[in-house]
Amino acid sequence: MLQLLHLPASALAQAARDASSPLLGAACFGAGAGPIPHPLFPLASVQVEPLASEPALCEAWSTQGPLQPGKTGCVHWCSNGDVLFAVLQVAEAVTANAAGVPPLQAASRAAYADLFTALDALGYPHLLRVWNHVPDINGESAGVERYRLFNIGRQDAFLAHGRTVSGANVPAASALGAAANAPLLVYCIAARQPAVAIENPRQLSAYHYPQDYGPRSPTFSRASLATFGPQHLLFISGTASIVGHRTLHAEDVAEQTRETLRNVEAVLQQAHAKGVAGIGLANLYYKVYVRHPADWPVIRAELQRAAGAAVHAIALQADVCRSDLLVEIEATGLQTTNQDLRA
Ligand code: 3EB
């Protein structure tokens, strides 16, 4: 069983001391988070700023013990017997590099190669959910958009480690920007057992995007559904105003938000067909990545209209992987079956 906590950074140390539900891992957003002293769990320090009133926000995963933490290569991880939370960062400047390979592409490949080596060695080979923060994601290096370089390096590593880059074994993911001087940051949840991958019938699978969006398609599914005993976890990937493979409503943030939420609903429908009808728009945990902070009130109003005024949401300023996208929304759903609760 996992629980997802949204909390201010100042409350993370307290949550970490709660021995009845220890932390498997966490991500903190914003410079205000500061260093957390000697965490026993992997902590992703994400260089994007939160939009809400809190100076910094954290997303933490709590579970039941016993937990095993460790470090393999540059991968910090912690596992609970079913799942493993992992964090790694790679500075593109220092990645060993064949001549002519742009440093970000090399760093992306190296990050995923190190991750796969660790996951395979630890016995948690199945990636359920990945968060990627690419510094200056909409910038260019060597004349190529940096998100495209990231996609090349990521796909290279999947293939080099014998992993498929389309279909059932591709993880759910989000890909966002980060400060231009930040390292490439990847954090993820992996498992001993595979998840069920879910696609969105309104969208072309991202791993089949045409070459207009780069020489290699992105390697992610629209959602993944994992089951641990009585608990189902639904990880909905970063979702945007894309229908088919095209961006819609390029200049209109309200329309982009509504289109994005139609996509989230379409993914939920697919998940319902796989037995998680209890997860809906109103009980998802959202992370909203906003390109222009001034757009947040409009986005929040649309999200509240769709999901209710009490919606659980973290809002962050981040660049989104296509320069015409103003907002990207990801979501996580948790459902515990009644039958197993009675047992
Ligand atoms: C999209 O639908 C929007 O490259 O891992 C969303 C989620 C997006 C994940 C990724 C990219 C990624 O194409 C962008």
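Everything that follows concerns the structure shown earlier in this document.
Computed from a prediction, not measured in an experiment: that's the story for all the values here. (Residues numbered from 1 in each chain as written. Predicted model: local features only at pLDDT ≥ 70, side-chain atom pairs only at ≥ 80, totals over all residues. Heavy atoms only, no water.)

Peer 1: What's the story with the overall build of the protein in this structure? I'm lost.
Peer 2: Looking only at helices and strands, the protein has 6 helices and 21 strands in total. A compact globule built from 343 residues would reach a C-alpha radius of gyration of about 20 Å, and the protein, at 19 Å, matches this within 12%. Taken along the three principal axes of its C-alpha coordinates, the protein extends 60 × 45 × 40 Å. The buried share of the protein, reckoned over its 343 residues, is 55%. Expressed as a percentage of contacts within the protein between residues at least 6 apart in sequence, the contacts between residues at least 24 apart total 76%. When the accessible surface of the protein is summed, it comes to about 13700 Å², and 52% of that surface belongs to carbon and sulfur atoms. Distance between charge centres in the protein, computed from 22 positive and 26 negative side chains, equals 5 Å. (Helix = DSSP H or I, 4+ residues; strand = E, 2+ residues; numbered from the N terminus. Rg over C-alpha atoms; globule rule 2.2 N^0.38 Å. Buried < 20%, exposed > 50% of the residue type's maximum accessible area, 1.4 Å probe, protein only. Contact = heavy atoms within 4.5 Å. Areas by Shrake-Rupley, 256 points an atom, 1.4 Å probe, with all protein chains shown as cover. Lys, Arg positive; Asp, Glu negative; His and termini not counted. Charge placed at Lys NZ, Arg CZ, Asp CG, Glu CD.)

Peer 1: I tried to follow the pattern of salt bridges on my own but got confused; where do I start?
Peer 2: Two side chains of opposite charge can pair, provided their charged atoms sit close to one another. Scanning all chains against the criterion turns up 14 salt bridges. Across the pair Arg202 and Glu259 runs a salt bridge whose closest N-O atoms are separated by 2.7 Å. Taken together, the residues Arg202 in the loop between strand E14 (196-198) and strand E15 (223-228) and Glu259 in helix H4 (residues 253-273) connect sequence positions 57 residues apart. Look at Arg202 and you get partly exposed, because its relative accessible area is 28%. Here Glu330 ties to Lys287 by a salt bridge, and the two come within 2.8 Å at their closest N and O atoms. With a gap of 43 residues between them, Glu330 in strand E21 (residues 327-336) and Lys287 in strand E19 (residues 285-290) connect regions that are remote in the sequence. What emerges from the salt-bridge pattern is a single network uniting Glu59, Arg129, Lys287 and Glu330. (Salt bridge = Lys/Arg side-chain N within 4 Å of Asp/Glu carboxyl O.)

Peer 1: Is there a simple way to explain the nonpolar core in this structure?
Peer 2: One broad rule of soluble globular proteins: the nonpolar side chains tend to lie buried together. Trp61, Tyr112, Leu115, Leu127 and Tyr187 are the most contacted members of the largest nonpolar core, which totals 70 residues. The next biggest cluster of nonpolar side chains, apart from the first, holds 28 residues, and it includes Val253, Ala271, Ile299 and Ala315. (Core = buried A, V, L, I, M, F, W, Y, C linked by side-chain atoms within 4.5 Å.)

Peer 1: I'm lost on the state of the cysteines in this one. Help?
Peer 2: In protein structure, a disulfide is the covalent linkage between the sulfur atoms of two cysteines. Tallied over the full model, the rule gives 1 disulfide. Linked covalently through their sulfurs, Cys28 and Cys58 form a disulfide whose S-S length is 2.2 Å. Taking the torsion about the sulfur-sulfur bond, which here is approximately 80 degrees, the covalent link between Cys28 and Cys58 counts as right-handed. Residue Cys28 is located in strand E2 (residues 23-29), and its partner Cys58 is located in strand E5 (residues 57-62); the two are separated by 30 residues in the primary sequence. On the basis of relative accessible area, Cys58 is assigned to the buried category, the value being 0%. Here Cys74 stays unpaired: no disulfide links it, and the sulfur of Cys188, its closest cysteine neighbor, is 11 Å away. (Disulfide = S-S within 2.5 Å.)

Peer 1: Is there a simple way to think about the sheet that holds E2 in this case?
Peer 2: Across a sheet, strands are paired by hydrogen bonds formed along the backbone, either parallel or antiparallel in direction. Spatially, 4 strands are ordered E1-E5-E2-E3 in an open sheet, and the strand pairing comes out mixed. Each end of this open sheet is capped by a strand with a single partner; those strands are strand E1 (3-8) and strand E3 (43-46). Going across the sheet, the axis of each strand differs from the next one's by a mean of 15 degrees, ignoring polarity. (Pairing = 2+ DSSP bridges. Axes fitted to C-alpha atoms, helices over the stretch in contact; angles between N-to-C directions.)

Peer 1: When you look at the side chain of His133 in this model, what are you seeing that I'm missing?
Peer 2: In this structure, His133 sits in strand E9 (residues 126-135). Looking at His133, its side chain comes within polar contact range of the main-chain oxygen of Gly177, at 2.9 Å. Residues in contact with His133, not counting those within four places in the same chain, are Val46, Val48, Leu176, Gly177, Ala178, Pro183, Leu184, Leu185, Tyr187 and Tyr289. (Polar contact = N/O pair within 3.5 Å; in protein donor to acceptor, adjacent residues only side chain to side chain.)

Peer 1: What should I look at first to understand the pairing of E2 in this one?
Peer 2: Looking along a regular strand, one sees side chains alternate from face to face of the sheet. Along E2, 7 of the 7 residues are buried, which leaves the element largely enclosed by surrounding structure. As paired strands, E2 and E5 are joined by 6 bridges and run antiparallel to one another. Paired with Ala27 across the two strands is Glu59, which belongs to E5. Strand direction decides the pairing type here: E2 and E3, joined by 4 bridges, are parallel. Each residue of the ladder has a partner; that of Ala27, found in E3, is Ala44.

Peer 1: Could you clarify how one ought to interpret H4 in this entry?
Peer 2: Given 3.6 residues to a turn, an α-helix orients residues that are three or four positions apart in the same direction. An ideal rise of 1.5 Å per residue puts 30 Å on 21 residues; H4 measures up with 31 Å between its terminal C-alpha atoms. By the N-cap criterion, in which a side-chain oxygen at the helix start approaches the backbone nitrogen of a residue two or three places on, H4 is capped by Asp252, the distance to Ala254 being 3.1 Å. (Expected span 1.5 Å × (residues − 1).)

Peer 1: For this particular structure, what's the right way to read the site of the ligand?
Peer 2: Close to the ligand lie 14 residues, the nearest being Tyr147, Arg154, Tyr209, Arg222 and Cys321. Arg154 has a polar side-chain atom sitting 2.7 Å from an oxygen atom of the ligand. In this structure, an oxygen atom belonging to the ligand sits 2.7 Å away from a side-chain N or O atom of Tyr209. Look at the ligand: alone it shows 360 Å² of surface, and the protein chains cover 100% of it. If you list the elements that add at least two residues to the shell around the ligand, you get helix H3 (146-160) and strand E12 (172-178). Classifying every residue of the shell around the ligand by side-chain character gives 8 nonpolar, 3 polar and 3 charged. (Near = heavy atom within 4 Å. Nonpolar A, V, L, I, M, F, W, Y, C, P; charged D, E, K, R; others polar.)

Note that all results are geometric; they support no functional claim without further evidence.
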